[in-house]
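Understanding the architecture of this molecule
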Amino acid sequence: MTQLETAMAILMNTFDTYAASEGSKDSLSKSEVKTLLEKELPGLLKAAKNQDEVDKLLKGLDFNGDSEVDFSEFVVVVAALTCACHDRIVKK
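Residues numbered from 1 in each chain as written. Predicted model: local features only at pLDDT ≥ 70, side-chain atom pairs only at ≥ 80, totals over all residues. Heavy atoms only, no water.

A short note on a nonpolar patch on the surface
Applicable threshold: Put simply, a patch holds well-exposed residues, over 30% relative accessible area, that have no salt bridge, with like charges counted together within 9 Å and Val, Leu, Ile, Met, Phe, Trp or Tyr side chains within 5 Å. Each accessible area value is a Shrake-Rupley result obtained with a 1.4 Å probe; residue values ignore everything except the protein chains displayed when judging cover. Only one rule defines a salt bridge in this text: a Lys or Arg side-chain nitrogen within 4 Å of an Asp or Glu carboxyl oxygen. Helix and strand assignments come from DSSP, with helices taken as H or I runs of at least 4 residues and strands as E runs of at least 2, each series counted from the N terminus. Here the term buried applies to any residue with accessible area under 20% of the maximum for its type, exposed to any over 50%, and partly exposed to those in between, with areas from a 1.4 Å probe on protein chains only.
Together, L4, M8 and M12 make up a nonpolar patch on the protein surface, roughly 310 Å² of accessible area in all. Position of M12 relative to the elements: it lies in helix α1 (residues 3-19). What makes M12 partly exposed here is its relative accessible area of 40%.

Next up, the structure:
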């Protein structure tokens, strides 16, 4: 597998691992999202100044308002975070 194929497989496996812990295996509940962020992106939660900010972040991940984060929403967030962390972002 190429590096990009490996990265894509890891992204899919990570989502599937956390989505399978409760409820629908096709989406992440609020608690599943929080667990995923705590374990996979701990620096993101540590950067939050208070729990309200964390709750706002979690709510913001659910673009369609169904109280769950599906794979498409998850990928958009990961892509946005990747762009934010990339050191070659073009400043407009």
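After that view of the structure, there is still more to cover.
Quick look at the side chain of S27
Formally: Pairs of N or O atoms within 3.5 Å make up the polar contacts considered here, provided that, within protein, one atom can donate a hydrogen while the other can accept it, and that residues adjacent in sequence are counted only when both atoms are side-chain atoms.
Tracing the backbone shows S27 in strand β1 (residues 27-28). Engagement of the side chain of S27 in a polar contact is seen with the side chain of E68, the distance being 2.5 Å.

Things to note about unusual backbone geometry
Negative phi values dominate among residues other than glycine, just as trans dominates among peptide bonds. The backbone phi angle of S67 is positive, close to 70°, even though this residue is not glycine. Looking at the secondary structure, you find S67 in the loop between α4 (51-61) and β2 (69-70). Residue classification places S67 among the exposed positions, given a relative accessible area of 58%.

With respect to the nonpolar core
The cut-off we apply is this: What is meant by a nonpolar core is a set of buried Ala, Val, Leu, Ile, Met, Phe, Trp, Tyr and Cys residues, joined one to another through side-chain atoms within 4.5 Å. Contact between two residues is taken to exist if any of their heavy atoms lie within 4.5 Å; hydrogens are not considered.
Residues F15, Y18, A19, L28, V33, L36, L37, L61, V69, F74 and V77 constitute the largest nonpolar core, which totals 11 residues. If you list the elements that add at least two residues to this core, you get α1, α2 (30-40) and α5 (71-85). Excluding residues within four positions of it along the chain, V69 makes contact with F15, S27, L28, V33, L61, D62 and F74.

Side note on the packing of α1 against α2
Note the following rule: Only the stretch in contact is used when a helix axis is fitted, and all axes are lines through C-alpha atoms; the angle between N-to-C directions ranges over 0 to 180 degrees. Our angle categories are set so that under 35 degrees counts as roughly parallel, over 145 as roughly antiparallel, 65 to 115 as roughly perpendicular, and the remainder as oblique. Each crossing gets its hand from how the near helix is turned against the far one by less than a right angle, where anticlockwise is left-handed and clockwise is right-handed. Nonpolar residues are Ala, Val, Leu, Ile, Met, Phe, Trp, Tyr, Cys and Pro. Charged residues are Asp, Glu, Lys and Arg, and all others, Gly as well, are polar.
For the pair α1 and α2, the least separation of the axes is 9 Å and the interaxial angle reads 130°. Taken together, the axis directions place α1 and α2 in an arrangement best described as oblique. Of the two elements, α1 crosses α2, and the hand of that crossing is right-handed. Where α1 approaches α2, its residues T14, Y18 and A19 are matched on the opposing element by E32, T35, L36, K39 and E40. Of the residues assigned to the contact of α1 with α2, the class counts are 3 nonpolar, 2 polar and 3 charged.

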